[in-house]
Amino acid sequence: DIAFMDIDMPVMNGFEATKAFRQWEDIIRPGARQPICALTAAYVDDFERSELMKFKEAGLDVMESKPCNIPRLFKVVDDVSPMFSDLSISVSQTR
């Protein structure tokens, strides 16, 4: 399983929501960790180290830019879900 967390949300942003979820997780499911992938409109590859640390400190595991690239999302799921890494998912593009 993997959760996708939008960073820019009304009321509670993705950083605050992830921190709250991690606190709940520590109490209700100690020792278990739900992988969370941050989705952001910013281009992830352009982030400075300090910006990347903000994601890490919030408890986010992976970051991806929006709009999402489907083959890249499959890779994210594969990377955080080793039990499913033997599944072969291919996406073909028509030009």
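Predicted, not measured: the structure shown is a model, and the values here were computed from it. (Residues numbered from 1 in each chain as written. Predicted model: local features only at pLDDT ≥ 70, side-chain atom pairs only at ≥ 80, totals over all residues. Heavy atoms only, no water.)

Relative to each other, helix α1 (residues 14-28) and helix α2 (residues 49-58) sit at 35°, their axes nearing to 8 Å. In this structure, α1 uses F15, T18, K19 and R22 to contact α2, whose residues at the interface are K54, F55, E57 and A58. Tallied by class, residues from the contact of α1 with α2 come to 3 nonpolar, 1 polar and 4 charged. (Axes fitted to C-alpha atoms, helices over the stretch in contact; angles between N-to-C directions. Helix = DSSP H or I, 4+ residues; strand = E, 2+ residues; numbered from the N terminus. Contact = heavy atoms within 4.5 Å. Nonpolar A, V, L, I, M, F, W, Y, C, P; charged D, E, K, R; others polar.)

Moving on to the pattern of salt bridges. A full pass over the atoms with the stated rule returns 7 salt bridges. The partner of D61 in a salt bridge is R33, with the nearest N and O atoms 2.8 Å apart. Highlighted residues: D61 in the loop between α2 and β3 (62-65) and R33 in the loop between α1 and β2 (36-40), separated in sequence by 28 residues. The network of salt bridges with shared partners includes R22, E25, R29, R33 and D61. (Salt bridge = Lys/Arg side-chain N within 4 Å of Asp/Glu carboxyl O.)

Reading across the sheet, the 3 strands line up as β1-β2-β3 and stay open at both edges, with parallel pairing between neighbours. Of all the strands in the sheet, just β1 (3-6) and β3 have a single pairing partner and so form its edges. This sheet shows a mean twist of 30° between the axes of neighbouring strands, independent of strand direction. The pairing of β1 with β2 spans 4 bridges and is classified as parallel. By the bridge assignment, M5 is partnered in β2 with A38. Relative to the sheet, helix α3 (residues 70-80) contacts β1, β2 and β3, its axis offset from that of β3 by approximately 175°. (Pairing = 2+ DSSP bridges.)

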